[in-house]
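# Examination of the molecular architecture
Each chain is listed here by its residues.
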Amino acid sequence: EETVHGTDLSYYNQINQYTPPRIIPVKEFCAANPDIELFFLRACWPSGLPDPLYPIYYDALITEGKKVAAYLWPNVTKTLSTNVANWKLALGTRVPKLLCLDFEEPSYGASIDALTYNASESLRLLAETFPGSTVIGYGRANWMEAHFKPGFQRNWKWWIAQYPLPMPKPDGTWRQYGTFKE
């Protein structure tokens, strides 16, 4: 088992898509945080619009010899083909070896069946569209439990957000960790 220290650099650059970006000086950030090997970068917004800082950060991090992963959103209000087109546009030629679909956005009032279908098909289509990349899902366990059919997540690899410290159970449901060590 390998542990890789990583961070979401996109977190630092702006509050939302309507505020002006604050460009983080990557070289200085890497020098100040040498233990961070992997950087998750937002490639597009939930709306599907590309994040203009993605190519800037991607190129700078590759120059620094860092590993890069990109995250995208499977917007349930758009067609699957529109989402795929948005992902292609957002990534361009900068397709990292690890791609992640972020399932933390609002459900837009969609049913559990619709959300589960959208997530399953989005993960499948992302893997088919970018066969050279590993595809994972991202989300909070408590959000996923409330918005997906039980057991859906067993078919994919996940980066589980540790806000409330969730843990998957063998039956496909989730429980909260009791401590950080657990």
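Parameters at a glance
- Residues numbered from 1 in each chain as written.
- Predicted model: local features only at pLDDT ≥ 70, side-chain atom pairs only at ≥ 80, totals over all residues.
- Heavy atoms only, no water.
- pLDDT = per-residue confidence, 0-100.
- Helix = DSSP H or I, 4+ residues; strand = E, 2+ residues; numbered from the N terminus.
- Contact = heavy atoms within 4.5 Å.
- Buried < 20%, exposed > 50% of the residue type's maximum accessible area, 1.4 Å probe, protein only.
- Pairing = 2+ DSSP bridges.
- Right-handed = clockwise from strand over helix to strand, strands pointing away.
- Expected span 1.5 Å × (residues − 1).
- Phe/Tyr/Trp six-rings, centres within 6.5 Å; stacked < 30°, edge-to-face > 60°.
- Lys NZ or Arg CZ within 6 Å of the ring centre and 35° of its normal.

Our next topic: the confidence of the model for the protein. A residue-level look at the protein finds 81% of positions with pLDDT of 70 or above and a mean pLDDT of 83. At the low end of the mean pLDDT range in the protein sits strand 7 (residues 166–168), at 57; at the high end sits helix 2 (residues 54–63), at 96. Throughout residues 178–182 the model reports pLDDT below 50, and contacts reaching past four residues in sequence, or to other chains, amount to four contacts.

Counting buried positions over the six residues of strand 5 (residues 134–139) gives five, a clear majority of the element. Across five bridges, strand 4 (residues 98–102) lies against strand 5 in parallel orientation. Along strand 5, the bridge assignment pairs L99 with V135. When strand 5 meets strand 6 (residues 157–160), the two strands line up parallel, connected through four bridges. Looking at strand 6, one finds that I136 is bridged to K157. What joins strand 5 to strand 6 is helix 5 (residues 141–147), and the crossover it makes is right-handed.

Turning our attention to helix 4 (residues 112–129). Along its 18 residues, helix 4 runs 25 Å from first to last C-alpha, staying within 8% of the 26 Å computed at 1.5 Å per residue. Every buried residue of helix 4 is listed here: L115, T116, N118, A119, E121, S122, L123, L125 and L126. The elements touched by buried residues of helix 4 are strand 3 (67–72), helix 3 (80–91), strand 4, strand 5, helix 5 and strand 6.

The next thing to look at is the packing of aromatic side chains. Within this structure, the stated rule accounts for nine aromatic pairs. Here the aromatic rings of F40 and W159 are separated by 3.9 Å at their centres, their planes lie at 25°, and the arrangement is stacked. In this pair, F40 is assigned in strand 2 (residues 38–42) and W159 in strand 6, connecting sequence segments 119 residues apart. Given the relative accessible area of 8%, F40 is considered buried. Relative to F148, the ring of F103 lies with its centre 5.4 Å away and its plane at 85°, an arrangement referred to as edge-to-face. Residue F103 is located in the loop between strand 4 and helix 4, and its partner F148 is located in the loop between helix 5 and strand 6; the two are separated by 45 residues in the primary sequence. F103 gets classed as buried once you look at its relative accessible area, which sits at 5%. Classification of F148 as buried rests on a relative accessible area of 3%. Joined through ring pairs, the aromatic side chains of F103, F148, F152 and W158 make up one cluster. Above the plane of the ring of W45 lies R42, whose end atom (NZ or CZ) is 3.8 Å from the centre.

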